[in-house]
Amino acid sequence: MKKKSNPLFFLFFPILVFIVQSMSYVTSRVTLDTVRPLPMFLGVTGPSFCFAPDAFTPPVKKLDKSTYEKFKSRLRLNMAFFLSNYALIVVGVGCVVCLLHPGMLFAMIGVWALWSIHYFLISNEVIVAGTNIGTLVSITHRSTTISIITCLVVIWKCLIPAIVVIISSGLIIFTHAILRDPKQIDISSSGNGGGTGT
């Protein structure tokens with residue numbers, strides 16, 4: 001008998017592939033060694049921890065034909081140089097949002113428990129009153145039901161917090177990447193006897 005394919009698999013598989021590829025790219029470049037010091041990231045100088053006056057400046061002072069290229073160049077430079085710091089910002093914002101939504105955490109734990117039990121029943125026989133409870137509901141039906149529950153949890157419990165994380169961390173990262181002047185980083189690093197390493 002030919003096994004029926006789970007229709008939800010074809011819906012989520014491309015998304016999962018994209019997420020895995022993106023995570024692989026980021027994790028290959030994000031390391032503790034490339035986390036920039038906080039004073040460099042925030043543009044502060046001296047023992048008083050004051051912001052340097054030229055640390056954060058707009059890429060252009062007036063709009064012209066080269067405005068787009070200047071914005072793009074600064075974004076590219078800062079995203080490459082501060083990538084590990086930006087990754088920490090996303091993680092930090094994600095942790096804060098998760099703590100503000102305990103219902104989401106409990107729902108995710110419940111979904112994880114359902115999938116764990118599902119896979120445990122596939123690979124192990126659990127006999128209760130002479131009956132293997134893993135055969136009471138077929139694997140396909142059980143998988144489909146848990147998949148639907150997972151989708152509902154993702155939409156009702158995780159979607160809004162995920163959007164909040166993306167928007168909040170995105171605004172922070174975009175603002176920093178646009179306003180942080182790479183030239184000031186070069187000057188500060190040269191004064192300390194080192195380069196930017198970009």
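Refer to the structure printed above.
Residues numbered from 1 in each chain as written. Predicted model: local features only at pLDDT ≥ 70, side-chain atom pairs only at ≥ 80, totals over all residues. Heavy atoms only, no water.

Draft legend 1. Spatial organisation of the pattern of salt bridges. Scanning the entire structure with this criterion turns up one salt bridge. A salt bridge links Asp181 to Arg74, with the shortest nitrogen-to-oxygen separation between them at 3.4 Å. With a gap of 107 residues between them, Asp181 in the loop between helix H6 (139–179) and helix H7 (182–191) and Arg74 in helix H3 (residues 67–81) connect regions that are remote in the sequence. Each member of the pair, Asp181 as well as Arg74, carries the same accessibility label: buried. (Salt bridge = Lys/Arg side-chain N within 4 Å of Asp/Glu carboxyl O. Helix = DSSP H or I, 4+ residues; strand = E, 2+ residues; numbered from the N terminus. Buried < 20%, exposed > 50% of the residue type's maximum accessible area, 1.4 Å probe, protein only.)

Draft legend 2. Region of the structure containing the layout of surface pockets. When its volume is computed, the second largest pocket comes out at roughly 230 Å³. Along the walls of the second largest pocket sit Thr57, Pro58, Pro59, Val60, Lys61, Lys70, Ser73, Arg74, Leu77, Asp181, Pro182 and Lys183, which together make up its complete lining. Those elements that place two or more of their residues in the lining of the second largest pocket are H3 and H7. Ranked by residues supplied to the lining of the second largest pocket, first place goes to H3 with four residues. Within the lining of the second largest pocket, the residues separate by chemical class into five nonpolar, two polar and five charged. (1 Å grid on protein atoms, 1.4 Å probe; cavity = no way out; pocket = protein on both sides within 12 Å on 5 of 7 lines; lining within 4 Å. Points joined across faces, edges and corners; volume = space filled by probe spheres on them. Nonpolar A, V, L, I, M, F, W, Y, C, P; charged D, E, K, R; others polar.)

Draft legend 3. Looking closely at the environment of Ser73. Inspection of the secondary structure puts Ser73 in helix H3. Sequence separation of Ser73 and Pro59 is 14 residues, and the distance between their C-alpha atoms is 9.1 Å.

Draft legend 4. Representation of the nonpolar core within the structure. If you look at the biggest cluster of nonpolar residues, it comprises eleven residues: Phe41, Phe81, Phe82, Tyr86, Ile89, Val93, Val97, Val165, Ile173, Ala177 and Ile185. Contributing elements (two or more residues each) for this core: helix H4 (83–100) and H6. Among the elements that take part in this core, H4 stands out by supplying four residues, more than any other. Grouped together as the second largest cluster of nonpolar side chains are five residues, Met104, Ala107, Val111 and Val153 included. (Core = buried A, V, L, I, M, F, W, Y, C linked by side-chain atoms within 4.5 Å.)

Draft legend 5. Structural context of the side chain of Arg142. Tracing the chain through its elements places Arg142 in helix H6. Given a relative accessible area of 12%, Arg142 falls into the buried group. For Arg142, the residues in contact, after removing those within four places along its chain, are His118, Leu121, Ile122, Gly134 and Val137. (Contact = heavy atoms within 4.5 Å.)

Draft legend 6. Region of interest: the packing of aromatic side chains. Per the counting criterion, the structure on display carries five aromatic pairs. A centroid spacing of 6.0 Å and a plane angle of 70° characterise the contact between Phe41 and Tyr86, whose relative ring orientation is edge-to-face. Remark: Tyr86 occurs in helix H4 and Phe41 occurs in helix H2 (residues 38–42); sequence separation between them is 45 residues. Exposure remark for Phe41: the relative accessible area of 9% places this residue in the buried category. Their ring planes at 25° and their centres at 5.9 Å tell us that Trp115 and Tyr119 sit as a pair that is stacked. A residue pair is termed a helical-turn pair when its members lie 3 or 4 positions apart in one helix, as Trp115 and Tyr119 do in helix H5 (residues 102–123) at four residues. Residue classification places Tyr119 among the exposed residues on the basis of a relative accessible area of 51%. Within the aromatic cluster, the residues linked to one another by ring pairs are Phe41, Phe81, Phe82 and Tyr86. Between the NZ or CZ atom of Arg36 and the centre of the ring of Phe81, over which it lies, the distance is 3.9 Å. For Arg180, the ring lying beneath its charged end belongs to Phe56, and the centroid distance is 5.6 Å. (Phe/Tyr/Trp six-rings, centres within 6.5 Å; stacked < 30°, edge-to-face > 60°. Lys NZ or Arg CZ within 6 Å of the ring centre and 35° of its normal.)

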